[in-house]
Amino acid sequence: MSSRVLSESIRTLGGVGDRRAEVLEAHGIAALNDLVTWYPRKYLDRTNVVPIGKIHGDVGAVTVVGTVKVKGSIPGRRGRRYELVVADASGVLTCVWFKRVKWVESVFKTGQQVAFHGKVSKYGGGWSMPHPEFDLLDEKGPALDTGRIIAVYPGHAAFEEVGLTSRTFRRMLHALIRDRGEEWTDNLPATLVSQLALMEGRVARRAIHFPKSQEELDHARRRLKFEELFFFQLMMAAVRGRVKREAGPELVTGGTLVTSFLDDALPFRLTAAQEQALADIRSDVGSSSRMNRLLQGDVGSGKTVIAAAAALMAADSGYQAAFLAPTEILAEQHARTLVGLLEPLGVRVGLLTGSTPTAVRRDTLTGLADGSVSIVVGTHAVIQEGVAFRSLGLCVVDEQHRFGVEQRAVLYEKGERPHVLLMSATPIPRSLALTLYGDLDVTVMRERPPGRQPIETVLLWDSRREELHALLRRELAAGRQAYVVYPLVAESETLDLKDAESGFAELSAAFPDAGVDLVHGRMKSAEKEAAMARFVAGETGILVSTTVIEVGVDVPNASVMVIEHAERFGLSQLHQLRGRVGRGVHASTCVLMSDFKRSADARTRLEAMTRTEDGFELSEIDLRIRGAGDFFGTRQSGLPAFRLADLAEDGELLDAARSAARRLLDLDPALRQSVHLPTREWFETFILPDGLKKAGIG
Ligand code: ADP
Ligand code: MG
């Protein structure tokens, strides 16, 4: 006996002929398991049923259950309508359809028990319910329709044509569970089920369709959600071929370099969050296993010094460190920071980018090969062939989501299993981080260094542009600088650029002495850098740009961030952009310029921005607005479509699933033990993509 029977075709079911099978298959219900996971769209709870006689003016939408007394279609001014008079013991209600009259005509019989759900309105002396949702009930046969909580399934026009109503789904599922349910072995190990107090698999599969009570339904949902999350985590492990923990170089964590850096060289004290991050890193690199950690810190939380400290632990132990950044602007900025902090300690820092002069590059390469350069900062240029290290012990990847998995892998190959520290300022809700990076350890820094002025965020209609100019005038007079950012959408790049260009012209005219500059994605990188350098040096007062400045740029004197067409930006992007100001001691302002017309989602985003500065809170809101599937846009694919689990809500369950999956694989990497065979069989039958089948799990 095994759960593999669920991979049989739905055509083996009674009542499913060719026509129905084709329709079902077209909707992704091909195997029995697809039917079992065709979960109800909602439930009709009989305890919420309203007696018809109790309906009054402001009940809104109600559910009633009654018997069809009279039915018929009636010609009217605007075509035929179909009416149904329904009665229960307390009164009478008329249900009306103006559309799809022919189809509803074929559905109801007099004397039939039906549940109706919808809004009611006054009709003659009584009540009517136009276009209700309905569910045919049945007094006879198994008590599928008369239980307290009745499952209602997703409907499709194509289903209706072959008579696949909610009632049919209940019938099919009831028969399947009755006849075959006994064969379904649990796909989770019994110890796990009991440890986590989960419902048994077979029971949960029955209860989700035929719950005896709300409590039982909740319990079933929890179990089935857990299952989805658990098997997803197993899949991540299989896909990455990572099951065992690898060994890595054991580093000295309290050596002279790191100690004098933290105690003497740093001009400030670490925040508590930074201390915690450092402690996490120490315990990783100080052990004999390899660090694989994601450091997530909101914009401006101070990740760079943490990376520097980690690099010094490598240097203290005779290893080198590589620090990868996604853009030349950022790489140069990091190099400047690190040179300033570390060269006084006698640590040599090199820079490698696409525009590094040949002689400097040759010098740096020699230094990396002989070990005299301890830390190299750079862009993709670092991962190129010909860049060889004497002993690479640590890889830091800043803004890690901007690099592909393969690119990171190439970097890691340049050392003997170097430690890996990934950093991201795109706050990802914890649940998503665990899903996407299930095999990473995650440190979150929520705190920002003290002394930062809060950023005031204001929302201005286009019509109030004069107020914006007044603010710019004031800040420029005080010696501050401003960014003005325009959206850049790939499909209409020319158009957007025109926008930015006319904004640039307008500001140049309005502020003739301020020094106004323009950077955009179409400029050569040398030009971009020159413009950035002028801004960093304070020669430019207003920098107009498309979103090329989005990540990482650190100019503490800038105190105004103007975002044009703010409604066109995503929430995390808005937050990133706002993070470019408020980096020094000056009070800063973020101005969101927006058209009055905007969608409800855009309004939610913009209002959220004015309400909070917490990137994690914003990303939770973003996740709720967009759903997990869209959260990363197209860049991050491979996010699963869970049927029940919701990453925005089921964070705790995800944690549990993740650690359970890890424990299981630590114990039995290839799931060979007999108690784990059902789990493995389920995984291989229903979860593993075909492309990976031959590799198996271990
Ligand atoms: P991010 O996490 O966004 O990469 P950075 O590492 O660029 O942030 O740090 C932002 C700024 O905060 C830098 O100018 C850095 O020197 C400063 N900084 C970092 N840590 C502290 C601290 N503990 N106290 C004061 N300033 C700090
Ligand atoms: Mg940074």
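The residue numbering used here restarts from 1 in each chain and proceeds along that chain's sequence as written. Lettering of chains starts at A and numbering of ligands starts at 1, both following the order in which they are written. Two thresholds apply to this predicted model, a pLDDT of at least 70 for residue-level local features and 80 or more for giving and counting side-chain atom pairs, whereas whole-chain, interface and lining totals are computed over all residues. Excluding hydrogens and water, the side-chain values take into account all heavy atoms of the structure.

A. A look at the overall build of the protein chain. Note on conventions: DSSP H or I runs of at least 4 residues are helices, E runs of at least 2 residues are strands, and numbering of each starts at the N terminus. For the protein chain, the helix and strand inventory stands at 23 helices and 22 strands. Each residue is placed in one exposure class: buried if its accessible area under a 1.4 Å probe, protein chains only, is under 20% of its type's maximum, exposed if it is over 50%, and partly exposed if it falls in between. For the protein chain, with 698 residues in total, the buried portion stands at 52%. Any two residues whose heavy atoms approach within 4.5 Å at even a single point are treated as in contact. For the protein chain, the share of sequence-separated contacts (at least 6 apart) that also reach a separation of at least 24 residues comes to 73%.

B. Structural view of the site of ligand 1. Residues are classed as near a molecule or strand on a simple rule: at least one heavy atom within 4 Å of it. By nearness alone, 15 residues border ligand 1, and Arg269, Gly300, Lys303, Thr304 and Arg452 come closest of all. Two N or O atoms form a polar contact when they lie within 3.5 Å of each other; inside protein one atom must be a possible hydrogen donor and the other a possible acceptor, and for residues adjacent in sequence the pair counts only when both atoms belong to side chains. A distance of 3.0 Å is found between an oxygen atom of ligand 1 and a backbone nitrogen or oxygen belonging to Gly302. Within the side chain of Lys303, a nitrogen or oxygen atom sits 2.7 Å from an oxygen atom of ligand 1. Burial of ligand 1 by the protein amounts to 81% of the accessible area it has alone, namely 570 Å². Gly falls in the polar group here, along with every residue not listed as nonpolar (Ala, Val, Leu, Ile, Met, Phe, Trp, Tyr, Cys, Pro) or charged (Asp, Glu, Lys, Arg). Here the residues of the shell around ligand 1 sort into four nonpolar, six polar and five charged. Shrake-Rupley sampling with a 1.4 Å probe provides the accessible areas, and residues are treated as covered by the protein chains on show and by no other component.

C. Spotlight on the packing of aromatic side chains. Stacked, edge-to-face and tilted labels apply to pairs of Phe, Tyr and Trp rings (six-membered ring for Trp) whose centres lie within 6.5 Å, assigned for plane angles under 30 degrees, over 60, and everything in between, in that order. As enumerated under the stated definition, the model contains 13 aromatic pairs in all. Between the aromatic rings of Phe230 and Phe231, the centroid separation amounts to 5.4 Å while the plane-to-plane angle is 85°, which identifies the pairing as edge-to-face. Per residue, the accessibility class of Phe230 equals that of Phe231, and both read buried. Measuring from centroid to centroid gives 4.3 Å for Trp682 and Phe686, while their planes differ by 45°, and the two rings are tilted. With Trp682 and Phe686 both in helix H23 (residues 677-687) and four residues apart, the pair spans about one turn of that helix. Put simply, the rings of Tyr82, Trp97, Phe108, Phe116 and Phe134 touch in pairs and so form one group of aromatic residues.

D. The arrangement of the pairing of strand E18 (residues 481-486) in detail. Most of E18 is tucked away, with six of its six residues classed as buried. Neither face of E18 is exposed, since Gln481, Tyr483 and Val485 on one face and Ala482, Val484 and Tyr486 on the opposite face are all buried. When DSSP finds two or more bridges between a pair of strands, those strands are recorded as paired. As paired strands, E18 and strand E21 (residues 558-563) are joined by five bridges and run parallel to one another. Bridge pairing links Val485 to Ile563 in E21. Two elements, E18 and strand E20 (residues 542-546), share five bridges in a ladder whose sense is parallel. Its bridge partner lying in E20, Ala482 is registered against Ile542.

E. Region of interest: the pattern of salt bridges. By convention in these notes, a salt bridge is any Lys or Arg side-chain nitrogen within 4 Å of a carboxyl oxygen on Asp or Glu. In this structure the tally under the stated criterion is 24 salt bridges. Notably, a salt bridge pairs Lys42 with Glu133, separated by 3.0 Å at the nearest N-O pair. Placement of Lys42 in strand E1 (residues 42-45) and of Glu133 in strand E8 (residues 133-136) is noted, with a sequence separation of 91 residues between them. With a closest N to O distance of 2.8 Å, Arg465 and Glu564 form a salt bridge. Separated by 99 residues along the polypeptide, Arg465 in helix H16 (residues 465-477) and Glu564 in the loop between E21 and helix H19 (571-578) bring together distant segments of the chain.

F. Representation of the sheet that holds strand E22 (residues 588-594) within the structure. In space, the six strands of this open sheet follow the order E17-E22-E21-E18-E20-E19, with parallel pairing throughout. On the outer flanks of this sheet lie strand E17 (455-461) and strand E19 (516-519), each paired with one strand and no other. Here the strands of the sheet are splayed against their neighbours by 20° on average, with no regard to which way each runs. Of the strands in this sheet, E17, E18, E21 and E22 touch H19, which is tilted by about 155° from E21. Working convention: axes come from line fits to C-alpha atoms, limited for helices to the stretch in contact. Angles between N-to-C directions cover 0 to 180 degrees. Where helix H20 (residues 600-611) meets the sheet, it contacts E17 and E22, and its direction lies at approximately 145° from that of E17.

G. Quick peek at the nonpolar core. Formed by 52 residues in total, the largest nonpolar core has its most connected members in Leu35, Phe169, Phe226, Phe230 and Leu234. Sorting the residues of this core by element identifies helix H1 (18-26), helix H2 (32-36), helix H5 (166-180), helix H6 (190-195), helix H8 (214-240), helix H22 (651-667) and H23 as the ones contributing at least two each. For this core, the leading source of residues is H8, giving nine residues. Those residues in contact with Leu35 that sit more than four places away from it in its chain are Ile10, Leu13, Ile29, Phe169, Met172, Leu173, Leu176 and His209. Side-chain atoms within 4.5 Å link the members of a nonpolar core, which is a set of buried Ala, Val, Leu, Ile, Met, Phe, Trp, Tyr and Cys residues. In terms of nonpolar packing, the next biggest core, distinct from the first, is built from 43 residues, Leu251, Leu338, Ile375 and Met423 among them.

H. View of the packing of helix H9 (residues 256-265) against helix H11 (residues 303-316). At their nearest, the axes of H9 and H11 sit 7 Å apart, and the two run at 150° to each other. What the angle tells us is that H9 and H11 run roughly antiparallel. For the pair H9 and H11, the contacting residues are Thr256, Leu257, Val258, Phe261 and Leu262 in the first and Val305, Ala308, Ala309, Leu312, Met313, Ala315 and Asp316 in the second. Classifying every residue of the contact of H9 with H11 by side-chain character gives 10 nonpolar, one polar and one charged. Every angle not falling under 35 degrees, over 145, or within 65 to 115 is termed oblique; those three ranges are roughly parallel, roughly antiparallel and roughly perpendicular.

I. Seen up close, the sheet that holds strand E5 (residues 113-119). With respect to topology, seven strands assemble into an open sheet ordered E6-E7-E4-E3-E2-E5-E8, the strand pairing being mixed. This sheet does not close on itself; its edge strands, each paired only once, are strand E6 (121-123) and E8. Here the average twist between neighbouring strands, direction ignored, is 40°. As judged from the four bridges shared by E5 and E8, these two strands associate in the antiparallel manner.

J. Looking closely at the pairing of strand E10 (residues 292-297). Counted residue by residue, E10 has five buried out of six residues, so it is predominantly covered. Relative to strand E15 (residues 419-424), E10 is paired through five bridges, and the arrangement is parallel. Looking at E15, one finds that Arg293 is bridged to Leu421. In the sheet, E10 pairs with strand E16 (residues 441-445) via five bridges, with the strands oriented parallel. Considered in E16, the bridge of Arg293 is made with Asp441.

K. Structural view of the environment of Gln274. By secondary structure assignment, the location of Gln274 is in helix H10 (residues 272-285). Residue classification places Gln274 among the buried positions, given a relative accessible area of 2%. Taking C-alpha positions, Gln274 is 9.4 Å from Val444, a pair spaced 170 residues apart along the chain. When neighbours within four sequence positions are excluded, Gln274 is seen to be in contact with Arg269, Ser301, Gly302, Val305, Ile306 and Met445. Here the side chain of Gln274 touches Gly302 through a polar contact of 2.9 Å, landing on its backbone oxygen.

That's the geometry; what it means functionally is another story.
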